[in-house]
Amino acid sequence: MENMKDIMKGRLLEIKDEALKTIKEARTLEEFEQLRVKFLGKKGELTKVLRDMGKLAPEDRPIVGQIANEIRDELEETISSEKERLNNELKLAKLNKEKIDITITSKKKKVGHRHPLIATIEELEDLFISMGFSVVSGPEIETVENNFDALNSPENHPSRDMSDTFYITEDILLRTHTSPVQIRAMKEMGAPLRIVSAGRTFRFDDVDDTHSPMFHQLEGLVVDENISMANLIHTLDIFIKELFGPDMKTRFRPHHFPFTEPSAEVDVSCFKCRGKGCEACNFTGWSMELLGCGMVHPKVLEYCGIDSEKYSGFAFGMGIDRITMVKYGINDIRLFFENDNRFLEQF
Ligand code: DAH
């Protein structure tokens, strides 16, 4: 009897070894099924051995039974995990076979180039930010009130004429300058305040080398207590030196703007000879009219609800197109608006 137990144990272990070996070699789902039937099925190897349980001593039966159960569990687990592994492999192979290559037909899109006007605007804004200004923006479509009335521009001012300005209705127009942003800023933020604002502006202008009905300006405004003309001159002088170089000088000439009093136009050393005198500057050494500026008219402050007894301010406006042209040596404003990459890529 002792012998029978050992024989059955030995047989069970043999079955286990053989089964594990063949399971590892199986390559298809059918093969796994066949192996399952062969070793674990009703007429399988394991069942065959267990049929001889009757020949065992009663006390040995649970021992051999337990071994048989453990082997059955192990084989079942191995078959199902191997089956799953194979299933995954097959799925992956199928996916790979059915993969669609979506990369082959696309054509490379050409990337454009940063516009020199935008580069200038960002440079100007950075300079003013470094002097404590904030950057604000205003709409290109404005009210006649903000564009003219609030800026103390009289009814009979020529720039209000239909032939000078693009009206949308009687009360709405394409802004003729960035100065209406002054009004918006003062009404929204009150005093004190220190802002710049750049953007597109529009006037009836025949197109030539230096004129375009659409152009760009940068507006600046400072309102605080005790602001004087000295602050204005110093600020613009520093700004010009930072932008064009420390050897550049500024010259303030009296002028008239309805919204400033007093007003001035600013000339800057000639960009070509830097002040010595050359053909480009008619041997004067000056580049004319780079900026308009002045002390904010008390009427404009009061219009925006700011106490002109307590506060004063200065303002300035400059043409960004012109500054960009002299900075990069561009001689035709039309080049800015053709969007030709061969032009833009040079900057
Ligand atoms: N808005 C004026 C123009 O377009 C430029 C200007 C002049 C702006 C004087 C100002 C200023 O802020 O104070 O010609």
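Here the structure is shown first, and the text comes after it.
Residues numbered from 1 in each chain as written. Predicted model: local features only at pLDDT ≥ 70, side-chain atom pairs only at ≥ 80, totals over all residues. Heavy atoms only, no water.

1. Description of the nonpolar core
In summary, soluble globular proteins display a tendency toward joint burial of nonpolar side chains. The biggest cluster of nonpolar side chains holds 37 residues, and the ones touching the most others in it are Phe128, Leu218, Phe239, Ile240, Phe244, Phe316 and Met318. Looking at this core element by element, the count peaks at 6 residues for helix 8 (residues 229-244). Leu20, Phe39, Ile79 and Leu86 belong to the second-largest nonpolar core, a separate cluster that totals 23 residues. (Core = buried A, V, L, I, M, F, W, Y, C linked by side-chain atoms within 4.5 Å. Buried < 20%, exposed > 50% of the residue type's maximum accessible area, 1.4 Å probe, protein only. Helix = DSSP H or I, 4+ residues; strand = E, 2+ residues; numbered from the N terminus.)

2. Examining the packing of helix 5 (residues 116-130) against helix 8
Orientation of helix 5 relative to helix 8, taken along the N-to-C sense of each, is 135 degrees, at an axis distance of 11 Å. It follows from the interaxial angle that helix 5 and helix 8 lie oblique. In this structure, helix 5 meets helix 8 at a crossing whose hand is right-handed. Contacts between helix 5 and helix 8 involve Glu123, Leu124, Leu127 and Phe128 on the former and, on the latter, Phe239, Glu242 and Leu243. Residues of the contact of helix 5 with helix 8, tallied by class, amount to 5 nonpolar, no polar and 2 charged. (Axes fitted to C-alpha atoms, helices over the stretch in contact; angles between N-to-C directions. Parallel < 35°, antiparallel > 145°, perpendicular 65-115°, else oblique. Left-handed = near helix turned anticlockwise from the far one by under 90°. Contact = heavy atoms within 4.5 Å. Nonpolar A, V, L, I, M, F, W, Y, C, P; charged D, E, K, R; others polar.)

3. Some points on the site of the ligand
Near the ligand there are 15 residues, and of these His177, Ser179, Arg203, Gln217 and Glu219 occur at the shortest range. Across the complex, the protein chains shield 89% of the 350 Å² of accessible surface that the ligand would expose by itself. Breaking the shell around the ligand down by element, the ones donating at least two residues are strand 5 (214-224), strand 8 (286-296) and strand 9 (312-319). Here the shell around the ligand is built from residues that sort into 5 nonpolar, 8 polar and 2 charged. (Near = heavy atom within 4 Å. Areas by Shrake-Rupley, 256 points an atom, 1.4 Å probe, with all protein chains shown as cover.)

4. Looking at the pairing of strand 4 (residues 193-202)
For strand 4, a buried count of 8 out of 10 residues is recorded, marking the element as mostly surrounded by other parts of the structure. Direction of pairing for strand 1 (residues 134-135) relative to strand 4: parallel, over a ladder of 2 bridges. Residue pairing for strand 4: Ser134 is matched across the bridge by Ile195. Of the strand pairs in this sheet, strand 4 and strand 5 are connected by 10 bridges, and their pairing is antiparallel. Looking at the pairing, Val196 lines up with Gly220 of strand 5. (Pairing = 2+ DSSP bridges.)

5. So, the pattern of salt bridges
The full count for this structure, using the stated rule, is 23 salt bridges. A salt bridge links Asp237 to Lys241; its shortest N-O distance comes to 3.3 Å. Pair noted here: Asp237 and Lys241 are both in helix 8, with a separation of 4 residues, about one helical turn. Residue classification places Lys241 among the partly exposed positions, given a relative accessible area of 29%. The salt bridge involving Asp332 is made with Arg334; its shortest N-O contact spans 3.1 Å. Taking the relative accessible area as the measure of exposure, Arg334 reaches 32% and is therefore partly exposed. Among the charged side chains, a salt-bridge network with shared partners connects Lys24, Glu82, Arg85 and Glu89. (Salt bridge = Lys/Arg side-chain N within 4 Å of Asp/Glu carboxyl O.)

6. Digging into the sheet that holds strand 8
With mixed pairing, 7 strands are arranged side by side in an open sheet as 1-4-5-9-8-7-6. One side of each edge strand has no neighbouring strand; the edge strands of this open sheet are strand 1 and strand 6 (250-257). Pairing between strand 6 and strand 7 (residues 260-269): 7 bridges, direction antiparallel. Of the residues in strand 7, the one forming a bridge with Phe257 is Thr260. Seen against the sheet, helix 7 (residues 180-189) touches strand 4, strand 5 and strand 9 and runs at an angle of roughly 145 degrees to strand 4. Each of strand 6, strand 7, strand 8 and strand 9 touches helix 8; the most contacted strand, strand 8, lies at about 145 degrees to it.

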